[in-house]
Amino acid sequence: RARIVFGSGNEQARLVFVGEGPGAEEDEQGLPFVGRAGQLLTQMIDGTAKKEGIPLQRKDVYICNVVKCRPPGNRTPQPDEMETCGQFLVRQLLAIRPKAICLLGATAVKALLDRKEGVTKLRGNWYRWREIPVMVTYHPSYLLRPYNQAAKREAWEDLKKVLHYVYD
Ligand code: URA
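Predicted, not measured: the structure shown is a model, and the values here were computed from it.

Peer 1: Could you clarify how one ought to interpret the packing of aromatic side chains in this entry?
Peer 2: The description of two aromatic rings rests on the distance between their centres and on the angle between their planes. One pass over the structure, following the stated rule, counts 2 aromatic pairs. A ring pair is formed by W126 and Y165, whose centres lie 5.0 Å apart and whose planes are at 55 degrees; its orientation type is tilted. Remark: Y165 occurs in helix 7 (residues 149-167) and W126 occurs in strand 5 (residues 126-129); sequence separation between them is 39 residues. On the basis of relative accessible area, W126 is assigned to the partly exposed category, the value being 35%. Considering the side-chain rings of Y138 and Y142, the 5.0 Å spacing of their centres and the 10 degrees angle between planes classify their relative orientation as stacked. Note on Y142: relative accessible area 27%, which makes it partly exposed. The ring of F6 is capped by K68, whose NZ or CZ atom sits 5.6 Å from the centre of that ring.

So, in structure tokens, the structure goes:
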């Protein structure tokens, strides 16, 4: 990896998004969610907020990942990597103390929730991590695959829920 990708956005944010780990573009720029999945995430945040009349943009939330370094070839992070980087994630979340956390995909779920069900089952509902309400939704990379287009609508619904909870 070229860079450590720690996180970006407002460190006093009321809402934190947690993804999996940096991809190639993120590694190059040192910023999370700046590649194709990141552009979709930006669209989802900005678009949902605008549509719902919530004065919020991507820069107002905080965005980070479970692992801070790009796994070789974008493979899924391994348990020891999640364990090591997970300590930084925990400190980030405790420092920010957001009103809610939105987990993007299975790796983020694995890192913060003790749940065996998959994202399809868990999404759209509230859980808790150390008292903080947690919403689970699909990872934007999953939504980019052509055969998962139906899931996009669900992800927008999840985001709507979380934005209203945090900013109403
Ligand atoms: N996917 C992630 O999980 N995180 C990023 O930062 C980019 C893509």
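Peer 1: Help me out: how do you make sense of the layout of surface pockets in this one?
Peer 2: It is the rolling of a water-molecule-sized probe over the atoms that shows where space remains empty. Considered as a void within the structure, the largest pocket measures approximately 590 Å³ in volume. Forming the walls of the largest pocket are 28 residues, and the residues nearest its centre are E20, H139, S141, Y142 and R145. Counting residues per element, the ones that place at least two in the lining of the largest pocket are helix 1 (24-29), helix 2 (36-51), helix 4 (106-112), helix 5 (119-122) and helix 6 (140-144). Looking at the lining of the largest pocket residue by residue, the class counts come to 11 nonpolar, 11 polar and 6 charged.

Peer 1: So what exactly am I meant to see when it comes to the pairing of strand 6 (residues 132-137) here?
Peer 2: As a general feature of sheets, a regular strand has side chains that alternate between the two faces. Buried residues dominate strand 6, accounting for 6 of its 6 residues. Neither face of strand 6 is left uncovered, since the one carrying I132, V134 and V136 and the one carrying P133, M135 and T137 both have all their residues buried. Pairing of strand 4 (residues 100-104) with strand 6 involves 4 bridges; the strand directions are parallel. Bridging from a neighbouring strand, I101 pairs with V134 of strand 6. Bridge count between strand 5 and strand 6: 4 bridges; the pairing is antiparallel. Within strand 6, the position partnered with R128 by the bridge is P133. What sits between strand 5 and strand 6 in their antiparallel hairpin is a turn of 2 residues, with R130 showing a positive phi close to 45 degrees.

Cut-offs and rules
Residues numbered from 1 in each chain as written. Predicted model: local features only at pLDDT ≥ 70, side-chain atom pairs only at ≥ 80, totals over all residues. Heavy atoms only, no water. Phe/Tyr/Trp six-rings, centres within 6.5 Å; stacked < 30°, edge-to-face > 60°. Helix = DSSP H or I, 4+ residues; strand = E, 2+ residues; numbered from the N terminus. Buried < 20%, exposed > 50% of the residue type's maximum accessible area, 1.4 Å probe, protein only. Lys NZ or Arg CZ within 6 Å of the ring centre and 35° of its normal. 1 Å grid on protein atoms, 1.4 Å probe; cavity = no way out; pocket = protein on both sides within 12 Å on 5 of 7 lines; lining within 4 Å. Points joined across faces, edges and corners; volume = space filled by probe spheres on them. Nonpolar A, V, L, I, M, F, W, Y, C, P; charged D, E, K, R; others polar. Pairing = 2+ DSSP bridges.

Nothing here speaks to function; it is geometry throughout.
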